[in-house]
Amino acid sequence: MSKIKIAIAGIGNCASSLIQGIYYYTPERVSDGKVPGLMHWEVGGFRPCDIEVVAAFDVDKRKVGQDVNDAIFAKPNCTTVFCGDLPKSGTTVKMGKILDGVSEHMANYDEDRTFVIADVPEGTKESIVQELKDSGAEILLNYMPVGSEEAAKFYAECALEAGVGFINNMPVFIASNPEWAEKFKAKNLPIIGDDIKAQLGATITHRTLTDLFAKRGVILERTYQLNTGGNTDFLNMKNQSRLASKKESKTEAVQAVAGARLADENIHVGPSDYIPWQNDNKVCFLRMEGDLFGGVPMNLELRLSVEDSPNSAGVAIDMIRCCKLALDRGEGGILEAPSAYFCKHPPVQYTDDQAYEMTEKFIADRVMASAAE
């Protein structure tokens, strides 16, 4: 198979886990038939190791100008290293556009914990589009920090102008915004979004339990999901003004599968606090209260601890390959099934069972269509 050539905007913890995974999942590692941590070993014949990062953008001085395979281990990244000693990729991290990608309060923290802006000229739309074209990138992944509304839209515009597919991993509503969706449809470019669901994280667990309540006839009366972590994402979200779209995305993901919509005061979903020593470990405290047979009350409490960024990468690696299938088939616009299965805030919400079946069909249909040609 040919390589899937991707570009990444934001070389943080999530990009680190994704790139490590590209090198980790080789045919030799799965020779015994067991593939830990993947939903699919192959998607349309493409394996994780068939993905190649050909362009990368960041604004931190410890990453800009470095080979991307070195930059993913630079501060303030703090995720688990499960595949170190990577070879040089030959792809240099270029200076991106700052816009609202760095919150002002981040300057109040130690350099090892926060972003340090590189002292070089910012990238322009023209320079970034040219880099996408020159590199041969087919898909651009957006990993901007939460609350980066302008920066996310900027990179979406770059994808449109460069003629590449777009995967929006963060909670700025692009795929789920009809105006943006129409722009990608008009250019016949695939887009998946918005706001990536973890492989097995707080939102997917909360959704699954909420769906279970509904299916078993238990009336969900109230619920909360409180999350703590110590990476730059949680530090960035201490600025409450950047949280609106994140809270909406996570809350609507749960409301969408509830038997009846909860009143606003009876549901709280969102980041709770930044705890530096947790690093990339995310801890979720979940409580659900409901009524059983005869109106008898019950409650459920759950504590979930996960390494945040590998949890994301396990999904991103499938998003990339689904986007590639669409590109190969000449399909543009919203990829509804992958968006529903892989994202918290897709254009159309489905239950996870429905979205899973739709995505499996999406993959199978495109594989069969390609084989028939």
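Above this note sits the structure.
Residues numbered from 1 in each chain as written. Predicted model: local features only at pLDDT ≥ 70, side-chain atom pairs only at ≥ 80, totals over all residues. Heavy atoms only, no water.

Draft legend 1. Region of interest: a nonpolar patch on the surface. A contiguous nonpolar surface patch, about 350 Å² in accessible area, is contributed by Leu292, Phe293 and Val296. With respect to the helices and strands, Leu292 occurs in the loop between β9 (281–291) and β10 (297–307). (Patch = residues over 30% accessible without salt bridge, like charges linked within 9 Å, V, L, I, M, F, W, Y side chains within 5 Å. Areas by Shrake-Rupley, 256 points an atom, 1.4 Å probe, with all protein chains shown as cover. Salt bridge = Lys/Arg side-chain N within 4 Å of Asp/Glu carboxyl O. Helix = DSSP H or I, 4+ residues; strand = E, 2+ residues; numbered from the N terminus.)

Draft legend 2. Quick peek at the packing of aromatic side chains. For the structure on display, the rule yields eight aromatic pairs. With a centroid separation of 6.3 Å and an interplanar angle of 85°, the aromatic rings of Tyr109 and Tyr274 are classed as edge-to-face. A residue pair is termed long-range when its members are at least 10 positions apart, and Tyr109 in the loop between β3 (93–95) and α3 (125–135) and Tyr274 in strand β8 (residues 267–274) qualify at 165 residues. Under the relative-accessibility criterion, Tyr274 is labelled buried at 9%. Measuring from centroid to centroid gives 5.9 Å for Phe166 and Phe184, while their planes differ by 20°, and the two rings are stacked. Here Phe166 is found in strand β5 (residues 165–168), whereas its partner Phe184 is found in helix α5 (residues 178–186), with 18 residues between them in sequence. No difference in accessibility class separates Phe166 from Phe184, as the two residues are buried. Connected via pairs of aromatic rings, a cluster forms that spans Tyr24, Tyr25 and Phe82. Looking at Arg29, its charged tip hangs above the ring of Tyr24, at a distance of 3.8 Å from the centre. Sitting over the face of the ring of Trp180, Lys183 holds its NZ or CZ atom 4.2 Å from the ring centroid. (Phe/Tyr/Trp six-rings, centres within 6.5 Å; stacked < 30°, edge-to-face > 60°. Buried < 20%, exposed > 50% of the residue type's maximum accessible area, 1.4 Å probe, protein only. Lys NZ or Arg CZ within 6 Å of the ring centre and 35° of its normal.)

Draft legend 3. Representation of the pairing of β10. Of the strand pairs in this sheet, β9 and β10 are connected by 11 bridges, and their pairing is antiparallel. Each residue of the ladder has a partner; that of Lys282, found in β10, is Val306. If you look at the hairpin formed by β9 and β10, you'll find five residues sitting between the two strands, and Gly294 has a positive phi there, around 75°. (Pairing = 2+ DSSP bridges.)

Draft legend 4. Fine view of the packing of helix α4 (residues 149–162) against α5. Where α4 contacts α5, the two axes come as close as 10 Å, and the packing angle between them is 20°. Overall, the two elements α4 and α5 adopt an arrangement that is roughly parallel. Seen along the crossing, α4 lies across α5 with a hand that is left-handed. Residue-level contacts link Lys153, Ala156, Glu157, Ala159 and Leu160 of α4 to Trp180, Lys183 and Phe184 of α5. In terms of residue class, the contact of α4 with α5 is built from five nonpolar, no polar and three charged. (Axes fitted to C-alpha atoms, helices over the stretch in contact; angles between N-to-C directions. Parallel < 35°, antiparallel > 145°, perpendicular 65-115°, else oblique. Left-handed = near helix turned anticlockwise from the far one by under 90°. Contact = heavy atoms within 4.5 Å. Nonpolar A, V, L, I, M, F, W, Y, C, P; charged D, E, K, R; others polar.)

Draft legend 5. Representation of the pattern of salt bridges. For the coordinates displayed, the defined rule picks out 20 salt bridges. Between Lys125 and Glu157 there is a salt bridge, with its nearest N and O atoms 3.1 Å apart. Here Glu157 lies in helix α4 and Lys125 lies in helix α3, a separation of 32 residues in the sequence. Looking at Lys125, the relative accessible area reads 25%, which means it is partly exposed. Two residues, Asp195 and Lys344, come together in a salt bridge whose shortest N-O distance is 3.6 Å. With Asp195 in the loop between β6 (190–192) and α6 (202–215) and Lys344 in the loop between α10 (336–342) and α11 (352–372), this residue pair connects regions lying 149 residues apart in the sequence. Accessibility assignment for this pair places Asp195 and Lys344 in one class, buried.

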